[in-house]
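# Tertiary structure, described
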Amino acid sequence: MMEVRKPDIDESWYRVLQDQFRDPYFAALKSFLVQEKQHYVVYPPGKLIFNAFNLTPFDKVKVVILGQDPYHGPGQAHGLSFSVPDGIQQPPSLQNIFKEIQNDLGYPPPKSGNLEKWAKEGVLLLNASLTVRDGQAASHAHHGWEVFTDAAIKALSDKKENLVFILWGNYAIAKESLIDTRKHLVLKSVHPSPLSASRGFFGCHHFSKTNNYLIEHGISPIDWRLE
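All of these numbers come straight from a predicted model, not from anything done at the bench. (Residues numbered from 1 in each chain as written. Predicted model: local features only at pLDDT ≥ 70, side-chain atom pairs only at ≥ 80, totals over all residues. Heavy atoms only, no water.)

## Observations concerning the sheet that holds strand β6 (residues 185-189)
Across the sheet, which stays open at both edges, the four strands sit in the order β3-β2-β5-β6 with parallel pairing between neighbours. Of all strands in the sheet, those with a lone pairing partner are β3 (123-127) and β6, marking the two edges. Between one strand axis and the next, the sheet turns through 20° on average, direction left out of account. Direction of pairing for strand β2 (residues 63-67) relative to β3: parallel, over a ladder of five bridges. Residue pairing across strands places I65 opposite L125, the latter belonging to β3. (Pairing = 2+ DSSP bridges. Helix = DSSP H or I, 4+ residues; strand = E, 2+ residues; numbered from the N terminus. Axes fitted to C-alpha atoms, helices over the stretch in contact; angles between N-to-C directions.)

Listed below in structure tokens is the structure:
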């Protein structure tokens, strides 16, 4: 059997997902990415593809916020769903997330849209696809990433208890089938994008509900403040 080079992913996640890296679909995905990078600009940079996993090790996960695919503009994607690096303008969906936090918890919107602090506190900011072609949303969908990230979601559901899964929009809500709702909390609403936020995202109180659930189960809550 051909030896698979260990990817740049946290050891705790590698132990859980190592079968995925050995599966033929993952070899096909890697080949696809090599081809894409020869012809297009691909986001995020290679070293940040597994950033969500590296900042939030498997044993530290308390909350999962699921996105669809990375931002496809220059400098935006850094491997965390909904997040942008310091100095990058906040996309509209992220601005709406901060508005809801202010509505829910009273914290004013931060200047930076960098959510690394949440990731380090145990919020897995996971996109279903981990890469994207410059300027083309969902361009790397259906090439294998969803198989990999579905496996990550299912592993969290199967091996852990009392997690909070936050699913915004129909795409994310469809992932509920991977989650054992008897031992985890699933919070659902429309997507925070400007097209839908006023139809149920604003006023969802997902941030306070998350912390109330964690506290009820003896788990330290998330500090949603970023500054």
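From this point on, the discussion continues.
## Observations regarding the packing of aromatic side chains
Under the counting rule described, the total for this entry stands at 21 aromatic pairs. With 6.0 Å between their ring centres and 80° between their planes, F50 and W145 make a pair best called edge-to-face. One end of the pair, F50, is in the loop between β1 (42-43) and α3 (51-55); the other, W145, is in helix α6 (residues 145-159), with 95 residues separating them in the sequence. For W145, a relative accessible area of 2% gives the class buried. Grouped by ring-pair contacts, the aromatic residues W13, Y14, F21, Y25, F26, F50, F53, F58, W145 and F148 constitute a single cluster. The residue whose ring lies beneath R133 is Y40, and the NZ or CZ to ring-centre distance is 3.7 Å. Positioned above the aromatic ring of F58, the side-chain terminus of K160 is 5.4 Å from the ring centre. (Phe/Tyr/Trp six-rings, centres within 6.5 Å; stacked < 30°, edge-to-face > 60°. Buried < 20%, exposed > 50% of the residue type's maximum accessible area, 1.4 Å probe, protein only. Lys NZ or Arg CZ within 6 Å of the ring centre and 35° of its normal.)

## What to know about the pairing of β3
Among the five residues that make up β3, five are buried, leaving the element largely enclosed by the rest of the structure. The alternating pattern of β3 places V123, L125 and N127 on one face and L124 and L126 on the opposite face, and all of these are buried.

## Focus: the nonpolar core
Counting 63 residues, the largest nonpolar core has W13, F50, F53, I65, W118 and F148 as its most contacted members. Per element, the largest residue contribution to this core is seven residues, and it comes from α6. Apart from the residues lying within four places of it in its own chain, the contact partners of I65 are S81, F82, W118, V123, L124, L125, L126, I166, W168 and W224. (Core = buried A, V, L, I, M, F, W, Y, C linked by side-chain atoms within 4.5 Å. Contact = heavy atoms within 4.5 Å.)

## Details of the packing of helix α4 (residues 92-105) against helix α8 (residues 206-216)
Relative orientation of the contacting elements α4 and α8 amounts to 60°, with a least axis distance of 8 Å. What the angle tells us is that α4 and α8 run oblique. Of the residues in α8, those touching α4 at I97, E100, I101, D104 and L105 are H206, F207 and S208. Across the contact of α4 with α8, the residue classes tally to four nonpolar, two polar and two charged. (Parallel < 35°, antiparallel > 145°, perpendicular 65-115°, else oblique. Nonpolar A, V, L, I, M, F, W, Y, C, P; charged D, E, K, R; others polar.)

## A few points about the pattern of salt bridges
For side chains bearing opposite charge, pairing can occur when the charged atoms are close. Taken as a whole and assessed by the stated rule, the structure comprises eleven salt bridges. Between K117 and E121 there is a salt bridge whose closest N-O contact spans 2.9 Å. A residue pair is termed a helical-turn pair when its members lie 3 or 4 positions apart in one helix, as K117 and E121 do in helix α5 (residues 116-121) at four residues. Note on E121: relative accessible area 23%, which makes it partly exposed. Between K154 and D158 there is a salt bridge, with the nearest N and O atoms lying 2.8 Å from each other. Taken together, the residues K154 and D158, both in helix α6 and four residues apart, mark about one turn of the helix. Its relative accessible area of 42% is what places K154 among the partly exposed residues. Accessibility expressed as a relative area gives 44% for D158, which makes it partly exposed. Through salt bridges with shared partners, a single network forms among K117, E121, D223 and R225. (Salt bridge = Lys/Arg side-chain N within 4 Å of Asp/Glu carboxyl O.)

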